[in-house]
Amino acid sequence: MTKSLCTHEFDEVCRLLDRLSHDAGEMTIKAFDGLLRHSRASLEDAEKLGRDIDSMAKEVTVMVLAAKEDSKILPAATIVEMVNELEKIKYSLDKIIANIRSKVDEGVLFSDKAMSELKDFFMAAQDGLNTVHDLILTRNPVLISHIIKKAETYEEIGRKYADEHQERLIKGICLPKSSLIYLLILDGLKDILRFLKTIAFSFKEE
């Protein structure tokens, strides 16, 4: 039987952690919808979720530090690191959303291949954030390995996508403006998977 990350005394911390991972996942979904449908409304919804994440992250940190001062037993370092990485994920999504907004405002088009590649990464990020929810409850080593393996797999896939895109740019298949926005969004998604990997390792080491 796996041990829960949080004890009964810290159910509220668990609830907020779960909400943080859930809202980061929803923010990812809204960002992708904004990209897919050129929807400014979806981008605005994503930005609102980002503001909620900022507020909850501060709340969790205050609660954890207060609990630590009371000498209660809880893996404070793991929780604080997880909150920090989720905040980094949120900042990466902020950058992704800014670039999607530029794409929408300037009417920049992506090829079907580019859209398919970005969808692949958005879905991988969403899967990782969903798995974090289960890690909070179970600290299951299988789930830890799942996140780490997927992140490492997509590190290689990301390099492949970037190299292939560079070749298309050189051949004149892609326009410079489209290429820049595509690569910035891809870099942001690669960062998210890297941060998810760090979260997984923090559970492994706890």
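Conventions adopted
- Residues numbered from 1 in each chain as written.
- Predicted model: local features only at pLDDT ≥ 70, side-chain atom pairs only at ≥ 80, totals over all residues.
- Heavy atoms only, no water.
- Core = buried A, V, L, I, M, F, W, Y, C linked by side-chain atoms within 4.5 Å.
- Buried < 20%, exposed > 50% of the residue type's maximum accessible area, 1.4 Å probe, protein only.
- Helix = DSSP H or I, 4+ residues; strand = E, 2+ residues; numbered from the N terminus.
- Contact = heavy atoms within 4.5 Å.
- Phe/Tyr/Trp six-rings, centres within 6.5 Å; stacked < 30°, edge-to-face > 60°.
- Lys NZ or Arg CZ within 6 Å of the ring centre and 35° of its normal.
- 1 Å grid on protein atoms, 1.4 Å probe; cavity = no way out; pocket = protein on both sides within 12 Å on 5 of 7 lines; lining within 4 Å.
- Points joined across faces, edges and corners; volume = space filled by probe spheres on them.
- Axes fitted to C-alpha atoms, helices over the stretch in contact; angles between N-to-C directions.
- Parallel < 35°, antiparallel > 145°, perpendicular 65-115°, else oblique.
- Left-handed = near helix turned anticlockwise from the far one by under 90°.
- Nonpolar A, V, L, I, M, F, W, Y, C, P; charged D, E, K, R; others polar.
- Salt bridge = Lys/Arg side-chain N within 4 Å of Asp/Glu carboxyl O.

**What to know about the nonpolar core**
Line of reasoning, step 1. Core analysis: the largest hydrophobic core is formed by 59 residues, its most contacted members being F110 and I185.
Line of reasoning, step 2. Those elements giving two or more residues to this core turn out to be α1 (11-37), α2 (40-69), α3 (76-106), α4 (112-138), α5 (141-170) and α6 (176-205).
Line of reasoning, step 3. Looking at which element gives the most residues to this core, the answer is α6, with 12 residues.
Line of reasoning, step 4. Residues contacting I185, with those up to four places away along its chain left out, are L35, I96, N99, I100, F110, L118 and F122.

**What about the packing of aromatic side chains?**
Line of reasoning, step 1. Counting across every chain of the model gives four aromatic pairs.
Line of reasoning, step 2. Here F110 and Y182 contribute two aromatic rings whose centre-to-centre distance is 6.2 Å and whose plane-to-plane angle is 85°, an arrangement assigned as edge-to-face. Placement of F110 in the loop between α3 and α4 and of Y182 in helix α6 is noted, with a sequence separation of 72 residues between them.
Line of reasoning, step 3. Judged by its relative accessible area of 13%, F110 falls in the buried class.
Line of reasoning, step 4. Judged by its relative accessible area of 0%, Y182 is buried.
Line of reasoning, step 5. Three or more aromatic residues joined by ring pairs make a cluster, and in this case those are F121, Y154 and Y161.
Line of reasoning, step 6. Geometry around F110 places K103 over its ring, the cationic atom sitting 4.7 Å from the centre.

**Here we look at empty space enclosed by the protein**
Line of reasoning, step 1. In total, this model carries one cavity of 30 Å³ or more according to the counting rule given.
Line of reasoning, step 2. Here the largest cavity is characterised by a volume of approximately 50 Å³.
Line of reasoning, step 3. Lining the largest cavity, in full, are A124, D127, G128, T131, H146, I147, K150, A151, L193 and L196.
Line of reasoning, step 4. For the lining of the largest cavity, the secondary-structure elements that each account for two or more residues are α4, α5 and α6.

**Quick look at the packing of α1 against α3**
Line of reasoning, step 1. Axis separation between α1 and α3 bottoms out at 10 Å; the angle between their running directions is 15°. In terms of their interaxial angle, α1 and α3 are classed as roughly parallel. Crossing geometry of α1 relative to α3 is assigned as left-handed. Taking contact as the criterion, the partners of V13, L17, L20, S21, A24, M27, T28, A31, G34 and L35 in α1 are, on α3, I79, M82, V83, L86, K90, L93, D94, I97, I100, K103 and V104.
Line of reasoning, step 2. Residue classes in the contact of α1 with α3 are distributed as 15 nonpolar, three polar and three charged.

**What about the side chain of K90?**
Line of reasoning, step 1. The residue K90 is located in helix α3 in this model.
Line of reasoning, step 2. Here K90 falls in the buried class, since its relative accessible area comes to 7%.

**Details of the environment of M115**
Line of reasoning, step 1. The residue M115 is located in helix α4 in this model.
Line of reasoning, step 2. Taking relative accessible area as the criterion, M115 reaches 17% and is therefore assigned buried.
Line of reasoning, step 3. Among all residues touching M115, those that are not within four sequence positions of it are L35, L36 and F110.

**Details of the pattern of salt bridges**
Line of reasoning, step 1. This model, assessed by the stated rule, comprises 21 salt bridges.
Line of reasoning, step 2. With a closest N to O distance of 3.1 Å, D105 and R40 form a salt bridge. With D105 in helix α3 and R40 in helix α2, this residue pair connects regions lying 65 residues apart in the sequence.
Line of reasoning, step 3. Here D105 falls in the partly exposed class, since its relative accessible area comes to 47%.
Line of reasoning, step 4. Residue R40 is classed as partly exposed on the basis of its relative accessible area of 42%.
Line of reasoning, step 5. A salt bridge links E152 to K197; the nearest nitrogen and oxygen atoms lie 3.4 Å apart. Of this pair, E152 sits in helix α5 while K197 sits in helix α6; the two residues are 45 residues apart in sequence, bridging distant segments of the chain.
Line of reasoning, step 6. A relative accessible area of 38% places E152 in the partly exposed class.
Line of reasoning, step 7. One continuous salt-bridge network, built from bridges that share partners, spans K113, E117, K160, E164 and R168.

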